[in-house]
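The chain contents come next:
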Amino acid sequence: MDRTRWHIQAKGDEQLAVAPMDGSEPRIVDDYIRHITAVLFAYNEDRVRSARMRVRAAIHHGPVEVADNGFAGRTVVTTCRLLNSGPLRAALAAADDADLVLALSDTVFLNTVAGGHTTLPRSAFRRVDIREKECESTAWLWVPGHDPDALDPVVAAPEADGSRDPAAAARTGAANSAEHPTAGHPGPGIRSTYKSRNLNVNNFHAPVDLRGGVVGFGSTDG
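Quick caveat: nothing in here was measured; it's all calculated off a predicted structure.

Asker: Just checking my understanding: could you explain the overall build of the protein for this structure?
Answerer: Regarding its fold elements, the protein presents six helices and eight strands. The order of helices and strands in the protein, counted from the N terminus, is β-β-α-β-β-β-α-α-β-α-β-β-α-α. Considering the protein as a whole, with its 222 residues, one finds that 36% of them fall into the buried category. A separation of at least 24 residues holds for 64% of the contacts in the protein among residues at least 6 apart in sequence. For the protein, the computed accessible surface area is about 13,900 Å², with 52% contributed by carbon and sulfur atoms.

Asker: Is there a simple way to think about the pattern of salt bridges in this case?
Answerer: When their charged atoms lie close together, side chains carrying opposite charge are able to pair. As enumerated under the stated definition, the model contains five salt bridges in all. With a shortest N-O distance of 2.8 Å, Asp30 and Arg34 are connected by a salt bridge. Placement of both Asp30 and Arg34 in helix H1 (residues 25-44) is noted, with a separation of four residues, approximately one turn of the helix. Exposure remark for Arg34: the relative accessible area of 37% places this residue in the partly exposed category. Asp99 is the partner of Arg52 in a salt bridge, and the nearest nitrogen-oxygen pair spans 3.4 Å. Here Asp99 lies in the loop between helix H3 (86-94) and strand E6 (100-105) and Arg52 lies in the loop between H1 and strand E3 (55-59), a separation of 47 residues in the sequence. The exposure class of Asp99 is buried, given its relative accessible area of 11%.

Asker: Got a minute to help me understand H1 in this structure?
Answerer: Note that an α-helix has 3.6 residues per turn; residues three or four places apart therefore point the same way. End to end, H1 covers 27 Å across 20 residues, agreeing with the expected 28 Å (1.5 Å per residue, within 8%). Within the sequence span of H1, burial applies to Glu25, Ile28, Val29, Asp30, Tyr32, Ile33, Thr37, Leu40 and Asn44. Where H1 is buried, its residues meet E3, E6, helix H4 (106-111) and strand E8 (135-142).

Asker: Please clarify how the environment of Leu104 should be interpreted in this entry.
Answerer: Considering the arrangement of structural elements, one finds Leu104 in strand E6. For the pair Leu104 and Ile59, spaced 45 residues apart in the sequence, the C-alpha separation amounts to 5.1 Å. Apart from the residues lying within four places of it in its own chain, the contact partners of Leu104 are Val29, Ile59, Phe109, Val113, Phe125, Ala139 and Trp140.

Asker: Looking at this model, I keep getting lost on the sheet that holds E3. Mind explaining?
Answerer: Across a sheet, strands are paired by hydrogen bonds formed along the backbone, either parallel or antiparallel in direction. Overall, mixed pairing links the four strands, which are arranged E3-E6-E8-E7 in an open sheet. With one partner strand each, in any of the chains shown, E3 and strand E7 (126-132) form the two edges of the open sheet. With strand direction ignored, the average angle separating the axes of adjacent strands in the sheet is 30°. Relative to E8, E6 is paired through four bridges, and the arrangement is antiparallel. Each bridged residue has a counterpart across the sheet, and for Leu104 the counterpart in E8 is Trp140. On the sheet, H1 packs against E3, E6 and E8 and is oriented at approximately 165° with respect to E6. Taken strand by strand, helix H2 (residues 74-83) contacts E3, E6, E7 and E8, and its axis lies near 145° from that of E3.

Asker: Quick question: what am I supposed to make of H2 here?
Answerer: Where burial is concerned, most of H2 is hidden: seven out of the 10 residues are buried. Buried within H2 we find Thr75, Val76, Thr78, Thr79, Cys80, Leu82 and Leu83.

Asker: Explain the packing of aromatic side chains here, please?
Answerer: Where two aromatic rings form a pair, the distance of their centres and the angle of their planes describe that pair. A complete count under the given rule lists four aromatic pairs for this structure. With a centroid separation of 5.1 Å and 75° between ring planes, the pair formed by Trp6 and Tyr32 is classed as edge-to-face. Of the two residues, Trp6 is situated in the segment before strand E1 (7-11) and Tyr32 in helix H1; the sequence distance between them amounts to 26 residues. The burial state of Trp6 is the same as that of Tyr32; both residues are buried. Put simply, the rings of Phe109, Phe125, Trp140 and Trp142 pair up and form one aromatic cluster.

The rules behind these values
- Residues numbered from 1 in each chain as written.
- Predicted model: local features only at pLDDT ≥ 70, side-chain atom pairs only at ≥ 80, totals over all residues.
- Heavy atoms only, no water.
- Helix = DSSP H or I, 4+ residues; strand = E, 2+ residues; numbered from the N terminus.
- Buried < 20%, exposed > 50% of the residue type's maximum accessible area, 1.4 Å probe, protein only.
- Contact = heavy atoms within 4.5 Å.
- Areas by Shrake-Rupley, 256 points an atom, 1.4 Å probe, with all protein chains shown as cover.
- Salt bridge = Lys/Arg side-chain N within 4 Å of Asp/Glu carboxyl O.
- Expected span 1.5 Å × (residues − 1).
- Pairing = 2+ DSSP bridges.
- Axes fitted to C-alpha atoms, helices over the stretch in contact; angles between N-to-C directions.
- Phe/Tyr/Trp six-rings, centres within 6.5 Å; stacked < 30°, edge-to-face > 60°.

Below is the structure:
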């Protein structure tokens, strides 16, 4: 993982890092976040509580546009909404001794943790609904060293028995992302509903090496 290839945009006490699409996503989610956690622990170990450095982190995946003042596009907006979301802030407040809390977008979680491409177990994450301004999505929270079920109820995911608001479930797709398919059985993790707002179109005008990649095909008629 070569961080010299990352593009960094500072924003007050925040930082937006844009990494190349080089297959390093699992290492960013796993190795890089673990490294930051270890560095924070070492930094905070001999400091009084008021002098500790505590970090919120969010990771999303998608195309990024270059704008006059930095980076733009839906991917950037979603990442910022995850970072500043109520559930992530609540998790940091609930886990008072934690140095870092992480939010993964649903896409990143499914492609890395749930896909078995990191050393992080799915059970370490807690699913939450994010509703920040124009952003309504599912995210997965991880607080290193903490039981996700022990976090404050304000960050709790909807109950698995379906007691949550059906309209909210339809908006976030939580009913589909709560479980993932097993080998040979599609299961509720497979979504067959076509949603144009979730569609990314890439136009290739030259040969593309897709070795190690995953390509999905769908039709606009559902």
